[in-house]
Every structure is written in C-alpha cells, then in structure tokens.
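One-letter residues, chain by chain:
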Amino acid sequence: MTADVIVLGAGSAGLAAAVTAAREGAKVVVLERHGFAGGMGTASLVHTFCGLYLLGEGPPRLANPGFPAEMAERMLRATGDDGPVRMGRVWVLRQHPVEFVRIADELFRESGVEVLFHSEALRAERDGDGWTVEAVCRGQRKVLKAKALVDASGDAVLADLLGAAAERTESALLQRPAYVFGVQGVVEAEEGLALAGRIVDGVRRGELPKEALGLHFRSSGRAGEIFGSIDLSGAEEGDYDPLDAGCLSRLEVRGRQVASAAVDFLKREAAGWAAAYVSHWPVRAGVRESRRWIGRHVLSEAEVLAGTRHADDIALAAWPLEFRETTRGPKLRFPEEDRAAGIPLGCLMPRDLDGVFAAGRCLSCDHGAQASLRVMGTCFATGQAAGVAAVLAARGEAVEGTLLRLRELHGSPE
Ligand SMILES: Cc1cc2nc3c(=O)[nH]c(=O)nc-3n(C[C@H](O)[C@H](O)[C@H](O)COP(=O)(O)OP(=O)(O)OC[C@H]3O[C@@H](n4cnc5c(N)ncnc54)[C@H](O)[C@@H]3O)c2cc1C
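Residues numbered from 1 in each chain as written. Predicted model: local features only at pLDDT ≥ 70, side-chain atom pairs only at ≥ 80, totals over all residues. Heavy atoms only, no water.

A. View of the overall build of the protein chain. In terms of regular secondary structure, the protein chain is built from 10 helices and 20 strands. Against the 2.2 N^0.38 benchmark of 22 Å for 414 residues, the protein chain shows a C-alpha radius of gyration of 21 Å, consistent with a compact globule. The buried share of the protein chain, taken over its 414 residues, is 58%. Contacts spanning at least 24 positions in sequence make up 74% of the contacts within the protein chain whose residues lie at least 6 apart. Carbon and sulfur atoms provide 50% of the accessible area of the protein chain, an area that totals close to 16600 Å². Each charge class in the protein chain can be summarised by its mean position, and for the 48 positive and 56 negative side chains these summaries are 2 Å apart. (Helix = DSSP H or I, 4+ residues; strand = E, 2+ residues; numbered from the N terminus. Rg over C-alpha atoms; globule rule 2.2 N^0.38 Å. Buried < 20%, exposed > 50% of the residue type's maximum accessible area, 1.4 Å probe, protein only. Contact = heavy atoms within 4.5 Å. Areas by Shrake-Rupley, 256 points an atom, 1.4 Å probe, with all protein chains shown as cover. Lys, Arg positive; Asp, Glu negative; His and termini not counted. Charge placed at Lys NZ, Arg CZ, Asp CG, Glu CD.)

In structure tokens, the structure reads:
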C-alpha cells in the first residue's frame, strides 16, 4: 500500500494531521492500534478540551484557527452545550468521548482519509526518497510506503523505530498518570466538598486506600453519568515507567481497585449514590508524559512562561504550565501577562531527519513546556500544522511554506 502521508496514531494530533493533509489533496493513511480515534480523549476518557482558548479576561477567544476551532464547533453541536466554561483563570470545553469518536469517524469519511484501525506500527525505515512502515493487525503484517510521515503516537514511537534523537524526563519528575472511569446511577448526589469530606473520612477510617484522596468526580453532561479521575503515582512497584508493560499493567489494576473501592464506599455512605455503579473502564490508563522528539527547536519552559514568539510559529500555546509531578493535584504556572507563546515549526521537525514530523504531546519541547503543550486544544493545532508540512514534504516542496499555507487557509492565530 502506498500513500503520500502516513500518520501514526489517531489521537487529537493524528486526527488533525490526517484530516488536514487529506483536505490538502494528499493520499493519507492513518495507523491506529485502537478501533477508534481520539487517543487519550477517548481511550482514556479525558473529557475536557483545554488549550482551545486564550488566557486573559473577557469572553473566550479561540487561540488557533482552523482545525481546533472546527473541533470546538463540532463538539458543541454534539453535546448541546452553550460554550466553554470558565474555571478560575482558564476556559475549558466539555467534550464527551463517545461524541469525539463519532466526530472523528465523520471527519475521516468526509476528508477521504484511509484509516487502518487495529494496526500497530512495529518497524519503520528510510526507503529511497520515502519511508516504509510495517504494521501488525492481529498477527498479520502489512507493509506501507509513504513520502512523508507524521508521528502523532504520543510516545514518539517513530523516533524509537527510526533510531532518531528523542528524550525522556527522569522517572521521579514525570507527570503522573491518572485513571478515569465512568459511573452511572448517581441521582441528586452530594458533590464537591461534601463528597471530598466523605472520602477523607473513609481513608482515615482505613476503609479506602489513600490514593482515593486524589479522586474527584465531574458530570459528563449526560443524565446520571459522571466521570471519576484518580491521580496515581505509577510507582506501584519500583519506578514509574510509562513505556513498560509491567508498570502499565500494575497501574491499570490499581486504578480499577481504587475506583471500585471508592464507588462501593460512596454507595454505602453518600446521599444519591445508593444505585451507583462503575459503567465503564478506560481502554487504557491516562499517560500524560513519556518520550518526546528532539527537534530543530526544543521549546523551553522559559519560552512558554515568557510568552515568546518566533518568526515561524505555526500555533500558539494557550494553556498554563500544568505540573502533575505528584498525586497531590495540579500546580499551575501562568505565562507573563497571560501571553500565549508561539510554537515554531522546528518543534515539529526532527533534528536529523527530513520528511518526518512530530505533533501532539510528543513534539520537541522540554518537560516544563510539555506541561502546557500536551493539552488537546494545542494538539489539534500542532497536528494541523504537521499535516500541512507533511503534504509539502511529500510534494517535494519547501516545508518552510507551512506557515504561509496555514495563513492562506485560516488566517493568523490571535
Ligand atoms: C489523566 C489525563 C488528564 C488529562 N486532562 C486533560 C484535559 O482535561 N484537557 C486536555 O485538553 N488535555 C488533557 N490531558 C492531556 C491530553 O489528553 C493528551 O496529552 C492528548 O490527548 C495527547 O494527544 P496526542 O494526539 O498527542 O496523543 P494520544 O492521545 O496519546 O494519541 C496517540 C494515539 O497513537 C496511537 N498509537 C501509539 N502508538 C502506536 C503504534 N505503535 N501504532 C498504532 N497506533 C499507535 C494510540 O493508540 C493513540 O490513539 C490529560 C491527559 C491525561 C493522561
């Protein structure tokens, strides 16, 4: 099978990259190990889009035009919500994972992207002017060829397969993982402080594991349905390693144990919870940070905090640095005067490879900058830019034209 562009991963970034590249006229194939798109936003039940709107006072203003704006619009139509919600100093858009999957199916169909679900990339190598990628579907190998690649795997899988420059934050500092699960049957329940108080009580009495202290619930927007989220250390035995099957397996089991214990406890103790039950587990626990590409520009924490702009910015980072290095809740750091920093094209371009582009949470930045850039609103924006850049590369045109093309298509951000 031959394509112009292969996109690895159909999360927020891969969806944006593939649809954008196909709309630019390229033949695009997406490889995705799950049976649906959305990545963390669906498989891990992460249920709000952050980073879509600029920081600052006043009404919400979209940070990046084009695909991020279109996703916001489509999601609002699907959920029936009026608009984003203000939470402290930020705007967030509630999203439902079921709708995300449906919207992604529609976008792939409308734009003509060829999607290969149930396909996991195992090997990649240079092949003349282009690339060969080998994927496996239920034990069957498939070889695909393309002129350009986009790595939207979240884990910089292609960097590993191609032996390219990549980096990982030391285990102790990695953003902690979290386990998000669905609950139904809750009616006119206690919320917020009252519920938190009960959980603290349960932990004190030894009826709940101490990880339950990091548990919080949020309405999904659908009657009787809520999502629970538990921050976990990931270090159930030894160091946290988000790329190790043993570590991830312990994380999944621990997430289910803590969630089950908490729901059983609240059924007994909390008003409105008597008929509650866990209605769905995530397909996989949520991983915030793993491996990142080292690109021609490594966006730094200092640049994001200073709201730095570059001549070749392809998107804006509109979310504060959200550190989750412990399980004791987020620590937010806001940029100076709430100014959104620019993400230059060099963050999408590997340091020593041509024709390959990174997007989403694995693009080239340091640990601190990733604490801002990883949110889905920003992933849509960097995915969109990677889609345009990959099409230019596939046509043999200068990828520096990405910015100009993005402006022609959607105007400038902000
Ligand atoms: C618990 C938690 C809470 C969060 N909260 C928020 C929030 O409230 N708002 C927000 O905007 N962001 C939030 N984030 C961050 C955000 O969800 C992720 O950083 C973002 O979704 C990453 O998108 P991505 O496309 O880069 O990667 P992913 O969503 O990880 O997608 C990568 C895709 O690639 C596929 N893939 C990987 N390797 C292969 C392979 N070898 N072959 C085939 N397919 C492959 C995966 O299956 C996946 O579908 C949260 C993250 C977590 C974990």
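B. Region of the structure containing the sheet that holds strand β5 (residues 90-94). Strand order in the open sheet formed by three strands is β3-β5-β4, with antiparallel pairing between adjacent strands. Single-partner strands in this sheet number two, and they are β3 (48-49) and β4 (85-87). Bridge count for β3 against β5 is two bridges, and the pairing is antiparallel. If you follow T48 over to β5, its bridge partner there is R94. (Pairing = 2+ DSSP bridges.)

C. Looking closely at the packing of aromatic side chains. Using the criterion set out here, one finds eight aromatic pairs in the structure. Ring geometry for F49 against F100: centres 5.5 Å apart, planes inclined by 85 degrees, an arrangement best described as edge-to-face. Of this pair, F49 sits in strand β3 while F100 is found in helix α3 (residues 97-111), placing the two residues 51 residues apart along the sequence. Take F100: its relative accessible area is 0%, and that puts it in the buried class. Judged by centre distance (6.1 Å) and plane angle (50 degrees), the rings of Y179 and W281 are tilted. One end of the pair, Y179, is in strand β11 (residues 178-184); the other, W281, is in the loop between β14 (277-280) and β15 (291-293), and 102 residues separate them in sequence. Judged by relative accessible area, which is 0%, Y179 ranks as buried. (Phe/Tyr/Trp six-rings, centres within 6.5 Å; stacked < 30°, edge-to-face > 60°.)

D. Spatial organisation of the side chain of E289. Tracing the backbone shows E289 in the loop between β14 and β15. Looking at E289, the relative accessible area reads 0%, which means it is buried. Within the structure, E289 has its side chain in polar contact with the side chain of T169 (distance 2.7 Å). Among the polar contacts listed, one links the side chain of E289 to the backbone nitrogen of Q175, at a separation of 3.0 Å. (Polar contact = N/O pair within 3.5 Å; in protein donor to acceptor, adjacent residues only side chain to side chain.)

E. Molecular detail of the nonpolar core. One finds V5 and W293 to be the most contacted residues of the largest nonpolar core, which totals 93 residues. Not counting chain neighbours up to four residues away, the residues in contact with V5 comprise A26, K27, V28, V29, A146, A148, V150, A390, V391 and A394. Judged by nonpolar contacts, the second largest core, of 25 residues, contains F181, A212, L251 and V263. (Core = buried A, V, L, I, M, F, W, Y, C linked by side-chain atoms within 4.5 Å.)

F. View of the environment of T42. Its location among the elements puts T42 in the loop between β2 (28-31) and β3. The buried category is assigned to T42, whose relative accessible area is 6%. Each C-alpha atom of the pair T42 and F100 lies 6.9 Å from the other, and the pair is 58 residues apart in sequence.

G. How the structure looks around the pattern of salt bridges. Considering all chains together, one arrives at 36 salt bridges under this definition. A single salt-bridge network, built from bridges that share partners, covers R23, E70, R74, E106 and E110. (Salt bridge = Lys/Arg side-chain N within 4 Å of Asp/Glu carboxyl O.)

H. Spotlight on the domain arrangement of the protein chain. Each assigned domain of the protein chain is listed here: domain 1 (2-170 + 289-410) and domain 2 (176-280). One C-alpha centre belongs to domain 1, the other to domain 2; they are set 29 Å apart. Facing 21 residues of domain 1, the contacting portion of domain 2 comprises 20 residues. Regarding the contact of domain 1 and domain 2, the summed buried area is about 1600 Å², with carbon and sulfur atoms giving 56% of it. Summed over the shared surface of domain 1 and domain 2, the number is three salt bridges. Across the salt bridge formed by D231 and R324, the nearest N and O atoms sit 3.0 Å from each other. For the interface between domain 1 and domain 2, the tally reads six residue pairs in polar contact (both at pLDDT 80 or more). Take the side of domain 1 that touches domain 2: its biggest share by element is four residues, from α3. (Domains from an automatic or database assignment. Buried area = accessible area lost by both parts, 1.4 Å probe.)

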